[in-house]
Amino acid sequence: MSVSERRHYEILNQDPEYRQCRALWQERFKDIRNVFFDGKVLRNAYCPDCCYCCGPQIGCDPFPMALLDSQLSERTEEDFYLMDAHTASLDERGCKSITPHGCRLDNSQRPVACNLFPFVLIDMHLYLYECCPAAMFLPREDLVRLGKDVASYLASLPLSDAERISIHMPDDYLERDYLDLHTDIAACFKGQ
C-alpha cells in the first residue's frame, strides 16, 4: 500500500459517515456478493439492497450525472430530477427511478455514472467511492481489476462522451470519500 493510500485510509477510518456505513453494511450484507463488469455495465449485486448512492443525498451539493444523447427520451423528465436537459441529478430527493428493490430503469436508460458505480470519473481520472459495500467488502485486487475494465470501457467511448460524463468534485470530498485509482482517462485519448 502506498503512502497516499495509507493516508487516505487513515482519513477515511476517522470519518463518522464511513464508520456508520460500514457498520450498517456489515449487518445487512453477511456474505460477499457478486460484482463483475460485462463490458458496459458494472453488475453490482449489492445495489438492489443498498440504494445508498441513489437515495437522498444529505448535506452535499447535488451530484450531477450526464446523460448521453442516446439516453434522452420523452421519459427523461419522468425518470430523473434534472439539472439541465442532459444532466440528471441526485440531491436531497434521491433518484426518481429508485424503488424498494433498486432501479426500475433498464441499464441502457441509466446514466453511465450509475452503470459504473462505485467507480466514478472525476476530472477525467478514475476514482473508487469508498462507502459502497462493494468497495468495502470485495478484495482490493478484484477492485483493481474491475477498475482497469471500467477504464478500458471509458477509453473506448468518444472523447466528447467521456468528457461529458466526467464530473468535478471538491478536493475535500475526494480526499475523504474517494480512492484515486491513478488512472488518467484523458491520457488514453492523446494523439486522437
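Above this text you will find the structure in question.
Predicted model, so just to flag it, every value in this text is computed and none were measured.

## Focus on the state of the cysteines
- In the structure shown here, the tally under the stated rule is zero disulfides.
- Of all cysteine sulfurs, the one in Cys 131 lies closest to Cys 21, which takes part in no disulfide; the gap is 4.3 Å.
- Cys 132 takes part in no disulfide bond, and the closest cysteine sulfur to it belongs to Cys 50, at a distance of 6.1 Å.

## Focus on the sheet that holds strand S5 (residues 87-90)
- As summarised here, the arrangement of the three strands in space is S3-S5-S4, forming an open sheet in which the pairing is antiparallel. On the outer flanks of this sheet lie strand S3 (63-66) and strand S4 (81-84), each paired with one strand and no other. Strand-to-strand, the axes of this sheet are offset by a mean angle of 40°, without reference to chain direction.

## Focus on the sheet that holds strand S9 (residues 125-129)
- Within the open sheet, the three strands sit side by side as S8-S9-S10. Their pairing is antiparallel. Two strands lie at the open edges of the sheet, namely strand S8 (119-122) and strand S10 (178-184), each paired on one side alone. Ignoring which end each strand starts from, the neighbouring axes of this sheet average 30° apart.
- Here S8 runs beside S9; their pairing, made up of four bridges, is antiparallel. Within S9, the position partnered with Ile 122 by the bridge is His 125.

## Observations concerning the pairing of S8
- Residues of S8 alternate between two faces, with Phe 119 and Leu 121 on one and Val 120 and Ile 122 on the opposite face, all of them buried.
- Hairpin connection, S8 to S9: the antiparallel pair is bridged by two residues, and Asp 123 has positive phi, about 50°.

## Side note on unusual backbone geometry
- In this model, Phe 117 is joined to Pro 118 through a cis peptide bond whose omega is 15°.
- If you trace the backbone, Pro 118 turns up in the loop between helix H5 (112-116) and S8.
- Phi at Met 124 takes a positive value of approximately 65°, unusual for a residue other than glycine.
- Inspection of the secondary structure assignment puts Met 124 in the loop between S8 and S9.

## Examining the pairing of S4
- Of the strand pairs in this sheet, S4 and S5 are connected by three bridges, and their pairing is antiparallel. Paired with Tyr 81 across the two strands is Ser 89, which belongs to S5.
- The turn linking S4 back onto S5 is made up of two residues.

About the cut-offs
Residues numbered from 1 in each chain as written. Predicted model: local features only at pLDDT ≥ 70, side-chain atom pairs only at ≥ 80, totals over all residues. Heavy atoms only, no water. Disulfide = S-S within 2.5 Å. Pairing = 2+ DSSP bridges. Helix = DSSP H or I, 4+ residues; strand = E, 2+ residues; numbered from the N terminus. Axes fitted to C-alpha atoms, helices over the stretch in contact; angles between N-to-C directions. Buried < 20%, exposed > 50% of the residue type's maximum accessible area, 1.4 Å probe, protein only.

Note that all results are geometric; they support no functional claim without further evidence.
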